[in-house]
Amino acid sequence: MEVIVSSPENKVTVRSPADLAAAVPYLIGFHPSNGSAVVIACNDRRIVFAARGDLPTGAEHAHQLDALADQLIPVVQRQQPLTHVVIIGYGTPDPIDPALRALSDALAAAGLPVVDLLRIAGDRLFSLICDNPACCPPQGTPFDPIASTVAVRATIAGVVVRPDRASVAGQITPVSGAARDAIQRASREARIRLEALQVVGGTAMYEAGERAVRDALRRHDAGARLTDDEVAWLTTLLVDRDIRDLAVGLTEPHSRHVDFWADITRRADEPLVPAPATLLAVTAWRCGDGVLAAMAAEYALHIDGAYQFADTVLHALQAGVPPTVIEEVLADVDSETPALSDDPMEQE
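Scope of this entry: the structure provided in the associated data block. (Residues numbered from 1 in each chain as written. Predicted model: local features only at pLDDT ≥ 70, side-chain atom pairs only at ≥ 80, totals over all residues. Heavy atoms only, no water.)

A word on the side chain of Asp116
Secondary-structure assignment places Asp116 in strand β6 (residues 114-121). The charged side chain of Asp116 is buried without a salt bridge, its nearest counter-charge being Arg101 at 10 Å. Here the side chain of Asp116 touches Ser127 through a polar contact of 3.2 Å, side chain to side chain. When near neighbours in sequence (up to four residues on either side) are disregarded, Asp116 contacts Pro17, Val85, Val86, Ile87, Ser127 and Ile129. (Helix = DSSP H or I, 4+ residues; strand = E, 2+ residues; numbered from the N terminus. Buried < 20%, exposed > 50% of the residue type's maximum accessible area, 1.4 Å probe, protein only. Lys, Arg positive; Asp, Glu negative; His and termini not counted. Salt bridge = Lys/Arg side-chain N within 4 Å of Asp/Glu carboxyl O. Polar contact = N/O pair within 3.5 Å; in protein donor to acceptor, adjacent residues only side chain to side chain. Contact = heavy atoms within 4.5 Å.)

In structure tokens form, the structure reads like this:
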């Protein structure tokens, strides 16, 4: 089988089960730990979806496994058109193999054909479907994901894989100590500045928000890091829904803008976190990083459980809605929005 692992910036050809296993970290953004299962949905020669979950263990194993299958099946079924599914598990035969087979049976019963069922244990790759010792020896096939063609080509393309899920969360861990104190002071001053702007009325606040968003993105793209005052002013303005929506449209589906909103989310004063965190979620989603997107949306809701934009994004992610939906919405918005001034960013 040959499939294409695609991202907004590169494509990698996968020619074997070992190649596919090596591609998994690049599909989900980090290296799965033991006890994980990754479900990969394909449409002929192209991967259209990948999702990771924890395989249940212990006394409630069967019940939890049914719950995992019930959660995965409708999400995978939405990824139409698709032709087949591959499941990869991580860990020792017991309890991974029985759990993988049960999950495979559940997907097959739902009309999702599982063409291969693989398990990775250390430096060995095992097939639970193929019993031909010529290609799938009982002792497993040697497996070195770092040395694989997929890993080499992805590294050359600049694709970065995090060591584990915790390292993904580290991207939005809030600043502490003196950095937190500084942003809190700057945010208090920004609120006073905003109150003065609100007195002016009219379109003054929206125009200030547009300038702040455009200037911030330009500065970041030029290699500069925003000062605490700039972060405080930007995040204070993003509380306004129209300015936040403008920021969605001006943000590009590119890793540099993922980095930008991650930095703003980490540095924002806590009450102002939901808007930049959700902007990070949308940007990461558009770039194919569903793990970071979900974490960012969850973080926004942790700060403000009623923040509707984050709730909508998180539900879409959990339902397996493709990020192309966001692209379509943005295209509709752009087509309805009158042209603004001749602006370098707008022309891009």
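What about the packing of aromatic side chains?
Evaluated as defined, the whole model comprises 1 aromatic pair. With a centroid separation of 4.7 Å and an interplanar angle of 75 degrees, the aromatic rings of Phe260 and Trp261 are classed as edge-to-face. Residue classification places Phe260 among the buried residues on the basis of a relative accessible area of 3%. A residue is classified by how much of its surface remains accessible, and Trp261, at 0% relative accessible area, is buried. Over the ring of Phe126 we find Arg119, and its NZ or CZ is 4.5 Å from the ring centre. Stacked on the ring of Trp233, the Lys or Arg Arg193 has its end atom at 3.8 Å from the ring centre. (Phe/Tyr/Trp six-rings, centres within 6.5 Å; stacked < 30°, edge-to-face > 60°. Lys NZ or Arg CZ within 6 Å of the ring centre and 35° of its normal.)

Observations regarding the nonpolar core
Ranked by size, the top nonpolar core spans 81 residues in total, and within it Ile40, Ile88, Leu234, Leu238 and Trp261 carry the most contacts. No other element matches the 10 residues that helix α12 (residues 290-303) contributes to this core. Ala51, Ile96, Ala99 and Leu128 belong to the second largest nonpolar core, which has 25 residues in total. (Core = buried A, V, L, I, M, F, W, Y, C linked by side-chain atoms within 4.5 Å.)

Overview of empty space enclosed by the protein
Across all of its chains, the model carries 1 cavity of 30 Å³ or more by this definition. What lines the largest cavity is His220, Ala224, Arg225, Leu226, Phe260, Asp263, Ile264 and Arg267. Top element by residues in the lining of the largest cavity is helix α10 (residues 255-267). It accounts for 4 residues. Here the residues of the lining of the largest cavity sort into 4 nonpolar, 1 polar and 3 charged. (1 Å grid on protein atoms, 1.4 Å probe; cavity = no way out; pocket = protein on both sides within 12 Å on 5 of 7 lines; lining within 4 Å. Points joined across faces, edges and corners; volume = space filled by probe spheres on them. Nonpolar A, V, L, I, M, F, W, Y, C, P; charged D, E, K, R; others polar.)

Digging into the pattern of salt bridges
Enumeration according to the criterion identifies 13 salt bridges in this entry. Among the ionic pairs, Asp54 bridges to Arg52, the shortest N-O distance being 2.7 Å. The exposure class of Asp54 is exposed, given its relative accessible area of 51%. A relative accessible area of 23% places Arg52 in the partly exposed class.

Comments concerning the side chain of Thr278
Among the structural elements, Thr278 can be located in helix α11 (residues 274-286). Assessed through its relative accessible area of 0%, Thr278 is described here as buried. Contacts of Thr278, omitting those with residues within four sequence positions, involve Ala300, Tyr307, Phe309, Ala310 and Val313.

Examining unusual backbone geometry
Looking along the chain, the bond that leaves Asp94 and enters Pro95 is cis, with omega of 15 degrees. Note on placement: Pro95 falls in helix α3 (residues 93-109). Residues other than glycine seldom take positive phi values, yet Asp44 does so here, at roughly 55 degrees. Looking at where Asp44 falls in the secondary structure, it is placed in the loop between β3 (36-43) and β4 (46-54). Overall, the relative accessible area of 49% leaves Asp44 in the partly exposed class.

So, the packing of helix α6 (residues 177-200) against helix α8 (residues 228-237)
Helix-helix packing is characterised by the crossing angle of the two axes and by the distance between the axes. Where α6 contacts α8, the axes come no closer than 8 Å and their chain directions differ by 50 degrees. In terms of axis orientation, α6 runs oblique to α8. The handedness of the crossing between α6 and α8 comes out as right-handed. Along its contact with α6, which presents Ala182, Ile183, Ala186, Ser187, Glu189, Ala190, Arg191, Arg193, Leu194 and Leu197, the element α8 presents Asp228, Asp229, Val231, Ala232, Trp233, Thr236 and Leu237. Residues of the contact of α6 with α8, tallied by class, amount to 10 nonpolar, 2 polar and 5 charged. (Axes fitted to C-alpha atoms, helices over the stretch in contact; angles between N-to-C directions. Parallel < 35°, antiparallel > 145°, perpendicular 65-115°, else oblique. Left-handed = near helix turned anticlockwise from the far one by under 90°.)

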